[in-house]
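Below are the chains, spelled out letter by letter.
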Amino acid sequence: MNHATIDNLDEIMDVFKQYKDIFPHIRSDKIQRMIESNNVVWEEKVLITYNHYQRKQRVGKYEAQKGDCILHQIAAKNQGDGSGKRVFENFLHFNRGRDVVLSVRTENSRAIAFYKKYNFVKVSDITWGKNSQVDGEVYLREQKPLYRFRDCLLYTSPSPRDVEESRMPSSA
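For clarity, every value in this text was computed on a predicted model and none was experimentally measured.

Draft legend 1. A look at the overall build of the protein chain. Assigned secondary structure in the protein chain consists of five helices and eight strands. When the helices and strands of the protein chain are read in sequence order from the N terminus, they spell out α-α-β-β-β-β-β-α-β-α-β-β-α. When burial is assessed residue by residue, the protein chain has 37% of its 172 residues classed as buried. Long-range contacts, defined as pairs at least 24 residues apart, comprise 60% of the intrachain contacts of the protein chain with a sequence gap of at least 6. Working note: accessible area of the protein chain is about 11,300 Å², and carbon and sulfur atoms make up 47% of it.

Draft legend 2. Local environment of the nonpolar core. Ranked by internal contacts, the top residues of the largest apolar core, which has 21 residues, are Ile48, Leu71, Phe88, Phe91, Tyr115 and Phe120. Those elements that provide at least two residues to this core are strand 2 (46-52), strand 5 (69-76), helix 3 (83-94), strand 6 (100-105) and helix 4 (109-117). The residues touching Tyr115, leaving out its near neighbours within four places in the chain, are Leu71, Ile74, Phe88, Leu102, Val104 and Phe120. Counting residues in each nonpolar core, the second largest holds 16 residues, with Leu9, Ile26, Met34 and Leu47 among its members.

Draft legend 3. Region of the structure containing the side chain of Thr49. Looking at where Thr49 falls in the secondary structure, it is placed in strand 2. Among residues more than four places away in sequence, those in contact with Thr49 are Phe16, Ile31, Met34, Asn39, Val40, Ile70, Leu71, His72 and Gln73.

Draft legend 4. Summary view of the pairing of strand 2. Within strand 2, six of the seven residues are buried, leaving the element largely enclosed by the surrounding structure. Pairing of strand 1 (residues 40-43) with strand 2, which is carried by four bridges, proceeds in the antiparallel orientation. The partner of Glu43 across the bridge, within strand 2, is Val46. Summarising the sheet, strand 2 and strand 5 pair through seven bridges and their orientation is antiparallel. Considered in strand 5, the bridge of His52 is made with Cys69.

Draft legend 5. Structural detail: the sheet that holds strand 1. Pairing in this open sheet of six strands is mixed, and the strands run 1-2-5-6-8-7 from one edge to the other. The open sheet is flanked by strand 1 and strand 7 (121-128), the only strands paired with a single partner. Neighbouring strand axes in the sheet, compared pairwise and without regard to direction, differ in orientation by 25 degrees on average. Sitting on the sheet, helix 3 touches strand 1, strand 2, strand 5, strand 6 and strand 8 (134-141), and the angle it makes with strand 2 is about 20 degrees.

Draft legend 6. Fine view of helix 3. Here helix 3 spans 16 Å end to end across 12 residues, near enough to the 16 Å set by a 1.5 Å rise per residue. Among all positions of helix 3, only Ser83, Gly84, Val87, Phe88, Phe91 and Leu92 are buried. One face of helix 3 carries all of its buried residues, which in axial projection span an arc of 160 degrees. Where helix 3 is buried, its residues touch strand 1, strand 2, strand 5, strand 6, helix 4 and strand 8.

Draft legend 7. The packing of aromatic side chains, seen in detail. Under the criterion given, the structure shown has 11 aromatic pairs. Among the aromatic side chains, those forming a connected cluster through ring pairs are Tyr50, Phe88, Phe91, Phe94, Phe114, Tyr115, Tyr118 and Phe120.

Draft legend 8. Up close: the environment of Arg55. Position of Arg55 among the secondary structure elements: in the loop between strand 2 and strand 3 (57-59). By relative accessible area, which is 55% here, Arg55 ends up exposed. In this structure, the C-alpha to C-alpha distance between Arg55 and Lys66, residues 11 residues apart in sequence, is 4.2 Å. If near-sequence neighbours (up to four positions away) are discounted, Arg55 is found in contact with Gln65 and Lys66. Side-chain polar atoms of Arg55 contact the side chain of Gln57, separated by 3.0 Å.

What counts as what
Residues numbered from 1 in each chain as written. Predicted model: local features only at pLDDT ≥ 70, side-chain atom pairs only at ≥ 80, totals over all residues. Heavy atoms only, no water. Helix = DSSP H or I, 4+ residues; strand = E, 2+ residues; numbered from the N terminus. Buried < 20%, exposed > 50% of the residue type's maximum accessible area, 1.4 Å probe, protein only. Contact = heavy atoms within 4.5 Å. Areas by Shrake-Rupley, 256 points an atom, 1.4 Å probe, with all protein chains shown as cover. Core = buried A, V, L, I, M, F, W, Y, C linked by side-chain atoms within 4.5 Å. Pairing = 2+ DSSP bridges. Axes fitted to C-alpha atoms, helices over the stretch in contact; angles between N-to-C directions. Expected span 1.5 Å × (residues − 1). Arc of directions from axis to C-beta. Phe/Tyr/Trp six-rings, centres within 6.5 Å; stacked < 30°, edge-to-face > 60°. Polar contact = N/O pair within 3.5 Å; in protein donor to acceptor, adjacent residues only side chain to side chain.

Written out as structure tokens, the structure reads:
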């Protein structure tokens, strides 16, 4: 997965301008800071902006955990050519072991369908804006290993090797 450099800023901003109805709030100074923090993927003319939470964070009514990935934006210069799919799959692989959280406008049915193909599940509603409210939805793809449930014990039948080596308690 390739991260953007400052040399890519103009090209990245051109992609955002291509979708100004979806991303009207994007400013180049913010994207520049994200590039400098290594939080912008730029590959095959597809951009993904993201971050990893440093602490628990509420997204709508969902509480993301420290270390979870928040996907801010994804956009492809050539929508429909498969590049977005390939880069997004690389991004998910890059974040394996982390849950991925994102929010999307309720009206953006194309994006919602895309995320659902990758097993994202709606976990909350959200609204943005001070003067005019914009409705959205929060989606989650769980990718953390199951051992995160520390308070849960899993009992299994002993294997023949365990019985032979007497490593299992007699009550198991």
